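Structural overview
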Amino acid sequence: MILLTCRLWAEPDSSHRRTQLPPPAGSVILPDVPEQVRRRSRAFLHPHCYHLRHENAAEDQRSAPTSEPGNVSERNDSCFRMTDSMKTQLVSAIHLQQVEMQEKPTGNSQGNNADEKFTVEQAVETIGFGRFHVLLFVIMGSANIVEAMEIMLLAVVSPEIRCEWRLEDWQVALVSTMVFVGFMVCGVLAGYIADRYGRWKVVFGGYVWSAYFSLLTSFAPTYGWFIFLRSMVGCGVAGVSQGFVLKTEFIPAKYRAYLLPLGTIFWMTGSMLIILLGMLVVPTMGWRWMIRLSITPSIILIFLFKFIPESARYNVSAGKVDAAVKTLQRIARMNRASLPPGRLVEPALRERGSWRILFSPTFRRTSLLLWYSWFVASFAYYGSVLSSSELLEKNLLCVINADAEHQVKHRHESGLCYCIPFGSSDYQTLLISSLGEVALVPLNIVLLNVFGRRISLTVLQLLTALLFMMVNICTTMFGFTVLLFLLRSLVSMNFNVVYIYTAEVYPTIARSLGMGFCTSFSRIGGMIAPFIAQVLMSRSVIQALTPFAVACVICALGNFLLPIETRGRALLQNS
């Protein structure tokens, strides 16, 4: 350490520069010393040194011959004669100042980090995929099990209630229609509530509502009570369907095209569960016990749903930034990742849940085309499900080399068709066709990642139209099973893609409402499908299948004209 002498502090300012005196013997001068060090070290100098600068400046201004340089020199020399104690204190002061100067940049760096900002989208992308998303995929994917069981239950229970209450074809079709009426009415309402008050509340309420009214359905004393309670079940399922929005808002952009199509596995699981229940329970215990047992997944999910947090995107749009940060921190801990540096900053949005956003110039064309696309997706899907059930129940297929059972056509001129329960072979055919919903998932993922959402929807609708017309071809029972298998695969893929596109195209402030409108239009297709698949089918198979094919062709054209492609695009927070 180089000792500083008071010579450094005795130098005048540049404005009063004078000729420097030579330093005393044994002293060393360090000219480049920060001013902070000089000020701190003055306190340890000899009192004469502290005022030396001013005294020397005054001496320079005196030009009288009576000046005594010797006196000045003596004062300088005495000033430079520092004791060891003073030197030690001076060194300590310099060292302390150096430490403070080294710490100062760190403080500035922390200040810079505090000034940094990030959005929810950046946080979700930074955290990436991990254990939280596996949990999310399992629990929220299980919501599809509940929805699939409630929908497929209609196909399994139809022959039973037809027999018990001596129903005509249109009365059986009305059961399915009433479910979709409840879904349509509550779909928009559930979307509005989800955008205004949160996704989590709506999905959880949907679980409880659908399980409660489904249980009451099993005690329905009459046909009228049965269709009313099933419409209430449809209302609850509309809330459960908002789980797709909640799930989408947590998944990073590059993983959505992979994870969301895999949700079809859960839908297939629900379809197969209700078919297996029908096969095992209905012949021995009846359809009422089948319905009671079918609510088990809903009850389990009610308790598991507490592990799923509210959407962070919704929280920031509602001004609940602290809640969003806690959610993101929890996800980061589970994924063993970290949030971006800085603080979460996004403005609160007041127009949450406004239908005007759906009709704004940005989304007007998209909304209109999507509504028709959802109508056709539901029309085709439930048309394929109910058509297969009707064709099997009444043996209306054009089967080559059919056995004696399939040669009997259960068709009556009066329109009545009583007590024709499913046989084991019919249940097996439904099971195989349900497997078709996941058979082409790899193809679905490839289409989404390579060609995008718009082209995928167009191609799938055209192929679906072709398969609907091929069902009327005379073939073997094995050939019909293959056709039905492929048809269920295509309609399921189409439904999956339109779900993904809708969740991606709308901003957070209207995403649930947009989904609610779309699902409501889809249920209009579900309401019409039973009257074609179950009523018109008894009169003419080709006349019943043609409307489905024509609707798919028109929809393919509409999908091609969609103005926005969402492949790889970040989810919008505001319009």
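Here the structure is shown first, and the text comes after it.
Described below are features of the structure shown in this document. (Residues numbered from 1 in each chain as written. Predicted model: local features only at pLDDT ≥ 70, side-chain atom pairs only at ≥ 80, totals over all residues. Heavy atoms only, no water.)

A look at the state of the cysteines
The final tally for this structure, using the stated rule, is one disulfide. Paired through a disulfide, cysteine 186 and cysteine 235 show a sulfur-sulfur distance of 1.7 Å. Handedness of the cysteine 186-cysteine 235 disulfide follows from its S-S torsion of about -85 degrees: it is left-handed. Of this pair, cysteine 186 sits in helix α9 (residues 169–197) while cysteine 235 sits in helix α11 (residues 223–240); the two residues are 49 residues apart in sequence, bridging distant segments of the chain. Across the pair, exposure class does not vary: cysteine 186 and cysteine 235 are buried alike. With no disulfide partner, cysteine 552 has as its closest neighbouring cysteine sulfur the one in cysteine 555, 7.0 Å distant. Looking at cysteine 555, the relative accessible area reads 1%, which means it is buried. (Disulfide = S-S within 2.5 Å. Helix = DSSP H or I, 4+ residues; strand = E, 2+ residues; numbered from the N terminus. Buried < 20%, exposed > 50% of the residue type's maximum accessible area, 1.4 Å probe, protein only.)

Considerations on the packing of aromatic side chains
Enumeration according to the criterion identifies 30 aromatic pairs in this entry. An angle of 10 degrees between the planes, with centres 5.8 Å apart, marks the rings of phenylalanine 375 and phenylalanine 379 as stacked. Placement of both phenylalanine 375 and phenylalanine 379 in helix α19 (residues 364–394) is noted, with a separation of four residues, approximately one turn of the helix. Phenylalanine 379 gets classed as buried once you look at its relative accessible area, which sits at 5%. With a centroid separation of 5.1 Å and 90 degrees between ring planes, the pair formed by tyrosine 381 and tyrosine 382 is classed as edge-to-face. Overall, the relative accessible area of 2% leaves tyrosine 382 in the buried class. By way of ring pairs, the aromatic residues Phe180, Phe244, Trp267, Trp374, Tyr381, Tyr382, Phe495 and Tyr499 are connected into one cluster. The aromatic ring of tryptophan 289 is capped on one face by arginine 292, whose charged end is 4.9 Å from the ring centroid. Lying across the ring of phenylalanine 183, arginine 523 places its NZ or CZ 3.6 Å from the centre. (Phe/Tyr/Trp six-rings, centres within 6.5 Å; stacked < 30°, edge-to-face > 60°. Lys NZ or Arg CZ within 6 Å of the ring centre and 35° of its normal.)

Quick look at the packing of helix α25 (residues 511–535) against helix α26 (residues 541–560)
Contact geometry of α25 with α26 gives a least axis separation of 8 Å together with a crossing angle of 150 degrees. Taken together, the axes of α25 and α26 are roughly antiparallel relative to one another. The chirality of how α25 crosses α26 is left-handed. Contacts from Ala529, Ile532 and Ala533 of α25 reach α26 at Ala544, Pro547 and Phe548. Its residues assigned to classes, the contact of α25 with α26 comprises six nonpolar, no polar and no charged. (Axes fitted to C-alpha atoms, helices over the stretch in contact; angles between N-to-C directions. Parallel < 35°, antiparallel > 145°, perpendicular 65-115°, else oblique. Left-handed = near helix turned anticlockwise from the far one by under 90°. Contact = heavy atoms within 4.5 Å. Nonpolar A, V, L, I, M, F, W, Y, C, P; charged D, E, K, R; others polar.)

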